[in-house]
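Descriptive analysis of the structure
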Amino acid sequence: GHVLAVLMGDPPGAASVPEVRLTELHLPAELPLRLPSELVRQRPDIRASEALLHKASANVGVATADQYPKLVVTGAFSSGQLDLSHLLGSGINIWNIGVNALQPVFRHDELEARRRAAVAAYDQAAAGYRIVVLQGLQNVADVLRALEADALTLAARSEQAARADDAFRIARARYDA
């Protein structure tokens, strides 16, 4: 029950597994020959790891964008402010634009280190995602293999029971005769 709760994304104590009787369990009529990847992708552990990978990828984009100057134009102009003296006097701060454009140049080493850290975090998230997906595929493949083995065992025992029943009927017929 605890493993099922964790796979559902809940804490182990929150497992609400319904009571199952062995007489109600039946093997599936057909086992899938291949594992559908969409089925495995719906697992909460895989979806959570995928979300971390997307976040790490976005952080690499942000860190890369931070290495370029940011020019933000704000404010509004009226027709009366189109005179050059008004534009330079109250509307635009040339020094502010120059400092914002040069800031990535002065902070190049810091911004490059942040980008390398974001790339390393992405690589770590990608490795974690790969491990989680492989473990999920292994878990499902193990269950399918166990179901296949159980089906073969059930078929063999059913055949043994049928042969034993035939042998009993033959022995009973000889005894009666």
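All chains use their own residue numbering, which begins from 1 and follows the written sequence. Owing to the predicted nature of the model, reporting of local features is limited to residues with pLDDT of at least 70; listing and counting of side-chain atom pairs is limited to 80 or more, with chain, interface and lining totals taken over all residues. Values reported for side chains reflect all heavy atoms of the structure, with hydrogen atoms and water molecules removed beforehand.

1. Here we look at the pattern of salt bridges
The criterion, for reference: A side-chain nitrogen of Lys or Arg and a carboxyl oxygen of Asp or Glu constitute a salt bridge if their distance falls within 4 Å. Exposure is judged per residue with a 1.4 Å probe applied to protein chains only, and the accessible area is read against the type maximum: over 50% gives exposed, under 20% gives buried, and values in between give partly exposed. In this description a helix means any DSSP run of H or I spanning at least four residues, a strand means any run of E spanning at least two, and both kinds are numbered starting from the N terminus.
All told, the structure shown has 8 salt bridges when counted by the stated rule. Of the charged contacts, one joins Asp-45 and Arg-43 as a salt bridge, the two residues approaching to 2.9 Å between their closest N and O atoms. Residue classification places Asp-45 among the partly exposed positions, given a relative accessible area of 27%. Classification of Arg-43 as buried rests on a relative accessible area of 13%. Arg-114 is the partner of Glu-110 in a salt bridge, and the nearest nitrogen-oxygen pair spans 2.8 Å. Of this pair, Glu-110 and Arg-114 both sit in helix H6 (residues 108-176), 4 residues apart, which is roughly one turn of that helix. Three or more residues joined by partner-sharing salt bridges are found here, namely Asp-165, Asp-166 and Arg-169.

2. Regarding the side chain of Arg-43
Threshold: N or O atoms closer than or at 3.5 Å make up a polar contact, with two conditions inside protein: a donor-capable atom paired with an acceptor-capable one, and, for residues adjacent in sequence, both atoms drawn from side chains. Contacts between residues were defined by any pair of non-hydrogen atoms, one from each residue, lying within 4.5 Å.
Within the fold, Arg-43 resides in the loop between helix H2 (37-41) and helix H3 (44-65). Within the structure, Arg-43 has its side chain in polar contact with the side chain of Asp-45 (distance 2.9 Å). Ignoring sequence-local partners within four residues, the contact set of Arg-43 consists of Leu-7, Gly-136, Asn-139 and Val-140.

3. Looking at a nonpolar patch on the surface
Quick note on the threshold: Residues enter a patch when their relative accessible area is above 30% and they make no salt bridge; the linking distance is 9 Å between like charges and 5 Å between nonpolar side chains (Val, Leu, Ile, Met, Phe, Trp, Tyr). Note on areas: Shrake-Rupley with a 1.4 Å probe; residue coverage comes only from the protein chains shown.
A surface patch of nonpolar side chains, about 340 Å² in accessible area, is lined by Val-20, Leu-22 and Leu-25. In this fold, Val-20 is placed in the loop between helix H1 (2-7) and H2. A residue is classified by how much of its surface remains accessible, and Val-20, at 51% relative accessible area, is exposed.

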